[in-house]
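Each chain, letter by letter, is given below.
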Amino acid sequence: FSATAPAPGPRRLLRARALLPGAALIDSLLRKAPINDQMILSGEIEPASSEIVLPGGVVPTIEAAAGMKGKYLLLPASVAEDLIAHLVKTGQLGLLFSNELLSYDTLAEAIDRVSSPTPESLVAASRTFREIESVTDRMPLIDLARNDKVMERLETILATHPEHLSAHAMLEFGRTPESPELRISLAATRINELVTPLFGVDDPTADLDALALRLDPAMLELS
C-alpha cells in the first residue's frame, strides 16, 4: 500500500488493520466481481469477538472520506446511535451529505455492497435525498430536518432502503426536540461568523470601509 500523504511517523511504527477490506478484495478477486467505485468501505473486524467496529470514531471517518472519490460511505450499523447523538448536540447535518451514508451489519453485507453494481432503487433514493439538499439555499438544514414534507420524503427513502443511514439520522434528528447543547452550539457558531471577519482590521491590506459597514449589523445581532 502507498500512502496518499506523508506518513506521520517512522514507517515501522505505523499499524493499520486490514482484515475487513482484505476480505472484500479477496472475495472480489475470487468471484471476479469488480469493486463498485461508488462505495467507500470503512470499519474493521475485531479479531477477538469478530464484531464489526469503527476505529477512530464516526465523525472523523466521515470527514476523512469527504475527500475521497466515491458517492456512498459504508459504515457499521453500530455507529448510528453515536452519529445521531452528535447531530442532536451540534446540528452538523452537513456530515450526512458529504457522502451519503449507508450502514451494514455483517461482513457479508459489506462485501455484497462493494462488489455489486449500485441498485437503481438506491440511485432513485439518492436523487430524492439530494433534492432535499438542494433546498438549503432557501432553508437551513436544521429547519429542513424538522419540516413535515421533508420527513415524509425521508420516510419514503427508508421504506425501500432502511440502510440509508443519512436519511435515518436526519429523520431522527428532526424527531428529537432541540437540545440545550444544540442551542449553545448554534449560538457559538453564529457569534464566530459575526466576529471573525472583523479581525481583518489587523490586515494592512484590509478594506476598512467595508469592515466598518459590517460593524453595526454585527453589534446589533450580538446584542
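Everything below is about the structure shown above.
Residues numbered from 1 in each chain as written. Predicted model: local features only at pLDDT ≥ 70, side-chain atom pairs only at ≥ 80, totals over all residues. Heavy atoms only, no water.

Take the sheet that holds strand β1 (residues 39–41) next. Pairing is parallel across the open sheet formed by three strands, whose spatial order is β1-β4-β5. Sheet topology places β1 and β5 (100–104) at the edges, where each strand pairs with a single neighbour. With strand direction ignored, the average angle separating the axes of adjacent strands in the sheet is 35°. Examined bridge by bridge, strand β4 (residues 72–76) and β5 share five bridges and lie parallel to one another. Along β5, the bridge assignment pairs Tyr-72 with Glu-100. Where helix α6 (residues 120–133) meets the sheet, its contacts fall on β1, β4 and β5, and the angle it forms with β5 comes to roughly 135°. Most of the contacts of helix α9 (residues 165–175) go to β5, to which it runs at about 100°, and overall it touches β4 and β5. (Pairing = 2+ DSSP bridges. Helix = DSSP H or I, 4+ residues; strand = E, 2+ residues; numbered from the N terminus. Axes fitted to C-alpha atoms, helices over the stretch in contact; angles between N-to-C directions. Contact = heavy atoms within 4.5 Å.)

To continue, consider the pattern of salt bridges. Pairing between side chains of opposite charge can happen when their charged atoms approach one another. If you walk through the whole model with that rule in mind, you get nine salt bridges. The residue Arg-31 makes a salt bridge to Asp-27 at a minimum N-O spacing of 2.8 Å. Taken together, the residues Arg-31 and Asp-27, both in helix α1 (residues 19–31) and four residues apart, mark about one turn of the helix. The exposure class of Arg-31 is partly exposed, given its relative accessible area of 49%. For Asp-27, a relative accessible area of 21% gives the class partly exposed. A salt bridge links Glu-100 to Arg-130, with the shortest nitrogen-to-oxygen separation between them at 3.4 Å. Here Glu-100, found in strand β5, pairs with Arg-130, found in helix α6; they are 30 residues apart in sequence, far enough to count as distant. Glu-100 gets classed as buried once you look at its relative accessible area, which sits at 0%. (Salt bridge = Lys/Arg side-chain N within 4 Å of Asp/Glu carboxyl O. Buried < 20%, exposed > 50% of the residue type's maximum accessible area, 1.4 Å probe, protein only.)

Taken by themselves, the reported measurements are silent on function.
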